[in-house]
Amino acid sequence: MEQNTLISFRNIVKSFDGQVILKGVNLDINEKEFVTLLGPSGCGKTTLLRILGGFLDADEGSVIFDGEEISAKPPYERELNTVFQKYALFPHLSVYENIAFGLKIKKMSKDIIDQKVMKMLKLIGLEGYENKNTTLLSGGQQQRVAIARALAVSPDVLLFDEPTSALDPELVGEVLNTIRRLAEEDSTMVLVTHEIKFARNVATRILFMDNGMIAADGSPEELIDNPENPRLRQFLNFVSK
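Predicted model only: the values in this text are computed from it and were never measured.

(A) Quick peek at the packing of aromatic side chains. Enumeration over the complete set of coordinates arrives at four aromatic pairs. Judged by centre distance (4.6 Å) and plane angle (45°), the ring pair of Phe90 and Phe101 falls under tilted. Here Phe90, found in the loop between strand E6 (80–83) and helix H2 (95–105), pairs with Phe101, found in helix H2; they are 11 residues apart in sequence, far enough to count as distant. For Phe90, a relative accessible area of 26% translates into the label partly exposed. Seen from their ring centres, Phe208 and Phe235 are 5.7 Å apart, and the 45° between their planes marks the pair as tilted. Of the two residues, Phe208 sits in strand E9 (residues 205–210) while Phe235 sits in helix H8 (residues 230–239), which places them 27 residues apart along the sequence. When its relative accessible area of 0% is taken as the criterion, Phe208 is described as buried. Given the relative accessible area of 7%, Phe235 is considered buried.

The following block contains the structure:
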């Protein structure tokens, strides 16, 4: 089946304080792929994700989205949304108001906003929570609200920056289950995570980054079950301990 390239990175270079973090990354991501970025701390995976989201500028290179160069576009003009580690919810707004925030910015009608918010609440398993204060929710519930807010505006791509890293271990599963349900709907997603088992079972493609470059690229079966790259084997052994 023919695949449509949705995202292209071309010769992406990024440095911080004189240290090169990304060393000329070239990468294509296809529509409806669930791509997981793996790699040790400092390898450049989160930096690459933030360049795609528009929160960092590359020193060199270009980002192409659906055939359009978007490197100069701010985050709010890109057809994608990011779910961060730290939720980034508005504490003075209710669950409903947080999810509806982007829809109101787009000036949608109240009826449409109501429909979309209720659909999102059902998707994340928080029906009946619309009037709750977000500061009174558990960490897992807050992260699920953050996912719903990102998804409500129907972005072409969802980006996840280690969405479970700030959660207690007992809350990780509920957030991963929400992401798993999204994957079943053929959404295009790019996820930075250390949850190897989840990546193995849900991702359609895994990219292993090492020392600012993509060192391995393949299916979960290829990269996790039968890793040929010695640095990848070392990484998998480390995170599985």
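(B) Up close: the sheet that holds strand E5 (residues 68–69). Here we have four strands laid out as an open sheet, ordered E2-E1-E4-E5, and antiparallel in their pairing. The strands lining the two open edges of the sheet, one partner per strand, are strand E2 (19–30) and E5. The sheet contact formed by strand E1 (residues 5–16) and strand E4 (residues 60–65) spans five bridges and is antiparallel. In the strand pairing of E4, Ser8 is matched with Ile64. Packing against the sheet, helix H1 (residues 45–53) makes contact with E1, E2 and E4, and its axis sits at approximately 120° to E1.

(C) A look at the pattern of salt bridges. Applying the stated criterion to the full structure yields 10 salt bridges. The closest approach of N and O atoms between Asp161 and Arg50, which form a salt bridge, is 3.2 Å. With a gap of 111 residues between them, Asp161 in strand E7 (residues 157–161) and Arg50 in helix H1 connect regions that are remote in the sequence. For Asp161, a relative accessible area of 2% translates into the label buried. Here Glu68 and Lys73 are joined by a salt bridge, their closest N and O atoms 3.0 Å apart.

Reading the values: rules and limits
- Residues numbered from 1 in each chain as written.
- Predicted model: local features only at pLDDT ≥ 70, side-chain atom pairs only at ≥ 80, totals over all residues.
- Heavy atoms only, no water.
- Phe/Tyr/Trp six-rings, centres within 6.5 Å; stacked < 30°, edge-to-face > 60°.
- Helix = DSSP H or I, 4+ residues; strand = E, 2+ residues; numbered from the N terminus.
- Buried < 20%, exposed > 50% of the residue type's maximum accessible area, 1.4 Å probe, protein only.
- Pairing = 2+ DSSP bridges.
- Contact = heavy atoms within 4.5 Å.
- Axes fitted to C-alpha atoms, helices over the stretch in contact; angles between N-to-C directions.
- Salt bridge = Lys/Arg side-chain N within 4 Å of Asp/Glu carboxyl O.

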